[in-house]
Amino acid sequence: MSGKGERRGLVHWSITRPVGTSIIAIAICIVGVSMAGRLAVDLLPRIIYPQIGAGVRNPGVDPEVMEQTVTKLLERRLATTENAILISSESSEGDTDVDIHFSYGTDVDLALRDASTKLDQARSALPEEADPPTIGKRDPSQIPVLNFAVSSPTRDEGWLKRWCEDQLARQLLTVEGVASVDVAGGLDREIQVWLDPERLRSYRLTVSELLTRVREENQDVAAGRLQSTSREVVSKTKGKFATPADIAAVRLPLPGGGDVALSDVAEVRDTHLDERVFARLDGKPAVQVAISKQPDANTVQVVDGCNRVLERLKRDGFFPPDVTTQVTQDQAFFVRASVSGVGQAAALGGGLAMLVVFLFLRSVRRTLIIGTAIPISILGCVALMGSSGLTLNIMSLGGLALGIGMLVDNAIVMLENIDRHQREHPDAVEAAHVGAGEVASAVVASTVTNLASVAPFLLITGLAALLFRELLLTISFAIVVSLVVALTLVPMLAAQLFKLKASSGLERARILSVVPAAMDAVTRAYRAVLPGVLRHRAAVLVASVLVFVGAVVFATRLGNEFLPQVDDGRFRVSIELPVGTPVDVTNRATLAAEKVVRELPAVRHVFAAAGGGIWGRGMWVRPRFASMEVEVEPRRSRGMTASAWLQRAQAELSALPELPDFSGTRYRLQGEIGRGGMGVVYAAEDTTLGRGVAIKVLRDGLARDGAQRRLERESAIMAGLEHPGIVPVHDAGTLPDGST
């Protein structure tokens, strides 16, 4: 045994000062519990792509006109943004989107300010009738965390939209963490002035004169300050139109003198914009409400808070009796499922570790030491995560689960050696000093080696760094905490608990002697085999190489996906009709598809959008596109798997006459998870048909590998296009039509 004067270092300090070590452990637990309540919970780490998007809407304008009048102007202005490496744009009917790409590591906030300045410079050159341009970062945290449809069998879409914007949105904005509540779909009110050409000519008036007069009348004008002996007020003349009657009463000056009311030459109608996107919930007209959270807010807490407000409003009679809501997308479900799955795996791993310790060491006290060390280590790691600004997501929790394994490794090595010395030496504290001192350097060396193997990955850049940084940091924190716990808490508890001479007698139980007997048998077998292995070293090396090669071959055949499939009972049906299909035909086809889907087994609700789509806070108009969000019964009660339901739905839809089976019509069914796959769209000109051809290649994953490139080339060749003439026009997570 070593002399007491030689005992220096963290291990011996912890054993000789059990009170101080215990207080430090309790402090770590308190900080960890506090941080755990403050950590934001999300599905993935916060990712801000080095990309800025600008857009301009001018409804009803042809794509080529949009390109000439808006897209090219924005491209010229935004191309001068500092550090921009690529400009990509997309022009469609009434819509232009321009994306500015930067290198990873660029300060996107500074780039956004610079791009906003460039956009302001281009604002004056945009068409006068176009909507104001918008610009923002491509931040996934801005994706709505909760979407729900609002419908009524008796009220029209115009009333629904006004009620949601003016009444419901105000209530939801009071929820902590909510950044915005946006309403899409429905009908927008529009005041139309129908001119009578004959009357205009009779009064010798022109359309431009009428427009100018209406603009002049529709404004509030400042009237300056009005003063009296006792008070002073700032005044204005109220000229903004409040009702259609105000527009009809506008006086138009005549060229020969006098004036005439606008109602004498035109008819004022209070109506709505033409409906281009038809939204329905279970066959009834509907609008969609999208709730976005603040970047640092907790997704689960925001969604739960919104659901509580909706339940309270329904209970208090805020909702009219005929107005119903139905959730169409809930990010909190995936967060809960993923976090719960990883948490359960970590708890199961800790429990199995305690069971293994109990079976091998046959000691309740030693099992309790491991059972105490695991939660303290987890809380210590959580404390470091909170101080570093990390969130609880599948990446960080995965790193935490890996760290538990490393903790158990270090703790078991330390505990087993102390156990051996305590069985041989009557003084438990002295045995703890000796046993811990013997393996302390080995534990430190192995742990630092693990840390050294992880640390270089923190230096990588690009999308992988955004995705896996929190995973790597959590693993590093878990490694450091596991080392500290193994060197301090484990030897201290082993020394203090075994001062008691009482014993449970479990080590003498015959049923628990099976494990030591089995280990003795394995040891004897290993000793018998080892000489032969050493004599045939070449054969062992060849066998090892063959096993490695076989593993590599089989690994290339394994499927891959970015996120595991989650059966949450939600499916998406996407319909794409031939180019040139009018919106009425698309709507009829969607109505037929809705009817078929609603009659499928276990279907609860169907939210459909025909003639385009509803995404978050806005709509995109594409007359030949439609989609349906389908909610079915939970897995346990519907009696069929997700794949079986998809096959049934595909068989039913393929028989619809409204969805003819030819190359111009495509529909796709998919589950909720799996939409995040990256897509590539290739465009080429089909000279025989005189129209553009688009080929969509859908895939899961984040990197374009050789197999993906071959698939793209083969898809182009199958469509009758020569690969060299195909130009990639879009490569992003969301395709131009809004799909993924």
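Small disclaimer: the values here were computed from a predicted structure and weren't measured. (Residues numbered from 1 in each chain as written. Predicted model: local features only at pLDDT ≥ 70, side-chain atom pairs only at ≥ 80, totals over all residues. Heavy atoms only, no water.)

### Re the pattern of salt bridges
- Applying the stated criterion across every chain yields a total of 23 salt bridges.
- For Arg-189, the salt bridge goes to Asp-270, with nearest N and O atoms at 2.8 Å. Pair noted here: Arg-189 is in strand E7 (residues 189-195) and Asp-270 is in strand E12 (residues 266-272), with a separation of 81 residues, a long-range link.
- A salt bridge links Arg-598 to Glu-594, with the shortest nitrogen-to-oxygen separation between them at 3.7 Å. Of the two residues, Arg-598 and Glu-594 are both situated in helix H18 (residues 583-598); the distance of four residues between them amounts to about one turn of the helix.
- Residues participating in the shared-partner salt-bridge network are Arg-213, Glu-216 and Glu-217. (Salt bridge = Lys/Arg side-chain N within 4 Å of Asp/Glu carboxyl O. Helix = DSSP H or I, 4+ residues; strand = E, 2+ residues; numbered from the N terminus.)

### Some thoughts on the confidence of the model for the protein
- For the protein, per-residue confidence averages 79 on the pLDDT scale, and 84% of positions sit at 70 or higher.
- Low pLDDT, under 50, characterises residues 662-667; the stretch is placed with 20 contacts to residues that sit more than four places away or in other chains.
- Taken as a whole, residues 672-740 scores under 50 in pLDDT and shows 121 contacts with residues more than four places along the chain or in a different chain. (pLDDT = per-residue confidence, 0-100. Contact = heavy atoms within 4.5 Å.)

### Let's talk about helix H13 (residues 428-454)
- Look at H13: 37 Å from first C-alpha to last across 27 residues, which is about the 39 Å you get at 1.5 Å a residue.
- In the structure, H13 departs most strongly from a straight axis at Val-439, where the bend amounts to approximately 40 degrees.
- The distance from a side-chain oxygen at the start of H13 to the backbone nitrogen of Val-429 is 3.2 Å, and the residue carrying that oxygen is Asp-427. (Expected span 1.5 Å × (residues − 1). Bend = angle between axes of the 7 residues up to and from the residue. Polar contact = N/O pair within 3.5 Å; in protein donor to acceptor, adjacent residues only side chain to side chain.)

### A word on the side chain of Thr-474
- The topology assignment puts Thr-474 in helix H14 (residues 463-487).
- When residues no more than four places from it in sequence are discounted, the contact partners of Thr-474 are Cys-381, Met-385, Leu-390, Ser-396, Gly-399 and Leu-400.

### Section: the packing of aromatic side chains
- In the structure shown here, the tally under the stated rule is five aromatic pairs.
- Pairing Trp-163 with Phe-318 gives two aromatic rings, centres 5.6 Å apart and planes at 40 degrees, and the pair type is tilted. Of the two residues, Trp-163 sits in helix H5 (residues 157-172) while Phe-318 sits in the loop between helix H9 (299-315) and strand E15 (324-330), which places them 155 residues apart along the sequence.
- Residue classification places Trp-163 among the buried positions, given a relative accessible area of 9%.
- Taken together, the ring pairs connect Trp-159, Trp-163, Phe-318 and Phe-319 into an aromatic cluster.
- Looking at Arg-155, its charged tip hangs above the ring of Trp-159, at a distance of 4.2 Å from the centre.
- Above the ring of Phe-319, the side-chain terminus of Lys-314 is found at 5.8 Å from the ring centroid. (Phe/Tyr/Trp six-rings, centres within 6.5 Å; stacked < 30°, edge-to-face > 60°. Buried < 20%, exposed > 50% of the residue type's maximum accessible area, 1.4 Å probe, protein only. Lys NZ or Arg CZ within 6 Å of the ring centre and 35° of its normal.)

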